[in-house]
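Chain residues, written in single-letter form:
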Amino acid sequence: MALRALIAVGPLLPLAIAVAAQATAVPANPPALADPAAPVDIVRTTTDMFDRMTVPVRIGHKGGTAGPFNFLVDTGSERTVLARDVAQKLQLPTSGQGMLIGIAGTQAVDLVEVDEINLGRRSFYGLTAPLLEGPNIGADGIIGLDSLQEQRVLLDFDKKRMLIGDAATLGGNRGFDIVVQARRRSGQLIMTNAIIDGVRTDIVIDTGSDTSIGNRALQRALARRRKSETTRLQSVTGQTITADISLARELKLGSMTMTNATLVFADTPAFAKLGLDKRPAMLMGMNQLRLFHRVAIDFSTKRILFDMPMGTSLPSVF
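Below is a short write-up of the structure. Model, not experiment: these values are computed from the prediction. (Residues numbered from 1 in each chain as written. Predicted model: local features only at pLDDT ≥ 70, side-chain atom pairs only at ≥ 80, totals over all residues. Heavy atoms only, no water.)

1. Brief notes about the pairing of strand S8 (residues 94-102)
Right, on to step 1. Pairing analysis gives eight bridges linking S8 to strand S9 (residues 105-119), with the strands arranged antiparallel. Paired with Gln97 across the bridge in S9 is Asp110.
Right, on to step 2. With antiparallel pairing between neighbouring strands as the criterion, S8 and S9 make up a hairpin whose turn holds two residues. (Pairing = 2+ DSSP bridges. Helix = DSSP H or I, 4+ residues; strand = E, 2+ residues; numbered from the N terminus.)

Printed below as a string of structure tokens:
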């Protein structure tokens, strides 16, 4: 089992300071969107070997564009990321270094300046992107939160497509069974009213992860002290971390219920970075998200919307 999720990147500072510095959300001057009022953009998606959603992306370079490149859509990543071989192909020089927090640890990374990223008809300008090894990402790069802010991202699993636009243009709340108000922290949207086996749990949607991972506080609250099985989780940095596998009988979110949900628990710095290491929390990965017809992540209104299959109980069979 592999988990490939990126959380944050910050300026290169002594480690004890760098982790705190990475609590800032996106760059102070976020990349500009060419036309925020543009009509809905529909991007056809594919899935990688870990069942994560990828999209074709073009990169502005020397007065033109190169690509398309295959980028992972990762709502758990604060920054858009390039594979090192893509940066070398485009002859992008490094512009400095940063400290990156991944699932399995913290690591120094090279940074490059990207003039333009084209996703469908939308263009994003002025990105500072960390470089990671392509085989560790499993793609040519990552579309992160710095390219998704103030947008609604609609993941349509039935039609295998992703739609980007404002909430009104994408139909508002029509057709969604569950609408959850979230709070924002470090660019992430955090749902705070989930109940896992009677334990109130904070949940972050993480489309860059193939599985759902809980923190140790959640593991302790669920009294899962017996380690029946363990696995290794792999980060986009190439680092790995040991995790315990367990089963949650019931996950409730509003009127929605998931049963027999598989979780893994690990001591990942990702939770500490989000301030979610002291109380029960979980990153909800693609194994659970794909149980729905559609999931909309609305960064502008801080809402997450779910379109459920028939019935209100979702068996989580992995």
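2. Topic: the packing of aromatic side chains
Right, on to step 1. The full count for this structure, using the stated rule, is one aromatic pair.
Right, on to step 2. Ring geometry for Phe292 and Phe306: centres 4.9 Å apart, planes at 45°, overall tilted. One end of the pair, Phe292, is in the loop between helix H6 (286-289) and strand S23 (294-298); the other, Phe306, is in strand S24 (residues 303-307), with 14 residues separating them in the sequence.
Right, on to step 3. One residue, Arg294, lies across the ring of Phe176, its end atom 4.2 Å from the ring centre. (Phe/Tyr/Trp six-rings, centres within 6.5 Å; stacked < 30°, edge-to-face > 60°. Lys NZ or Arg CZ within 6 Å of the ring centre and 35° of its normal.)

3. Here's the deal with the environment of Leu127
Right, on to step 1. Tracing the sequence through the fold places Leu127 in strand S10 (residues 122-132).
Right, on to step 2. You can call Leu127 buried: its relative accessible area is 2%.
Right, on to step 3. For the pair Leu127 and Glu116, spaced eleven residues apart in sequence, the C-alpha to C-alpha distance is 7.4 Å. (Buried < 20%, exposed > 50% of the residue type's maximum accessible area, 1.4 Å probe, protein only.)

4. Observations regarding the pattern of salt bridges
If charged atoms from side chains of opposite charge come close, those side chains can pair.
Right, on to step 1. Counted under the stated rule, the structure contains eleven salt bridges.
Right, on to step 2. Residue Asp298 is joined to Arg152 by a salt bridge in which the shortest nitrogen-to-oxygen separation is 2.9 Å. In this pair, Asp298 sits in strand S23 while Arg152 sits in strand S12 (residues 152-156), placing the two residues 146 residues apart along the sequence. Arg152 matches Asp298 in its accessibility class, with the two residues each being buried.
Right, on to step 3. Where Arg294 meets Asp307, a salt bridge forms, and the shortest distance between an N and an O atom there is 3.0 Å. Separated by 13 residues along the polypeptide, Arg294 in strand S23 and Asp307 in strand S24 bring together distant segments of the chain. Exposure class is identical for Arg294 and Asp307. Each is buried.
Right, on to step 4. Counted as one network, the salt bridges with shared partners bring together Arg84, Asp110 and Glu133. (Salt bridge = Lys/Arg side-chain N within 4 Å of Asp/Glu carboxyl O.)

5. Quick notes on the environment of Gly208
Right, on to step 1. Among the structural elements, Gly208 can be located in the loop between strand S17 (199-205) and strand S18 (213-214).
Right, on to step 2. Sequence-wise, Gly208 and Val236 are 28 residues apart; in three dimensions their C-alpha atoms are separated by 9.7 Å.

6. What about the side chain of Glu116?
Right, on to step 1. As for its position among the elements, Glu116 is in strand S9.
Right, on to step 2. Despite being buried, Glu116 has no salt bridge partner; Arg58 is the closest side chain of opposite charge, sitting 8.8 Å away.
Right, on to step 3. Among the polar contacts listed, one links the side chain of Glu116 to the side chain of Ser123, at a separation of 3.4 Å.
Right, on to step 4. Sequence-distant contacts of Glu116, defined by excluding residues within four places in its chain, comprise Arg58, Ile59, Gly60, Ser123, Phe124 and Tyr125. (Lys, Arg positive; Asp, Glu negative; His and termini not counted. Polar contact = N/O pair within 3.5 Å; in protein donor to acceptor, adjacent residues only side chain to side chain. Contact = heavy atoms within 4.5 Å.)

Functional significance is not addressed by these values, which are geometric in nature.
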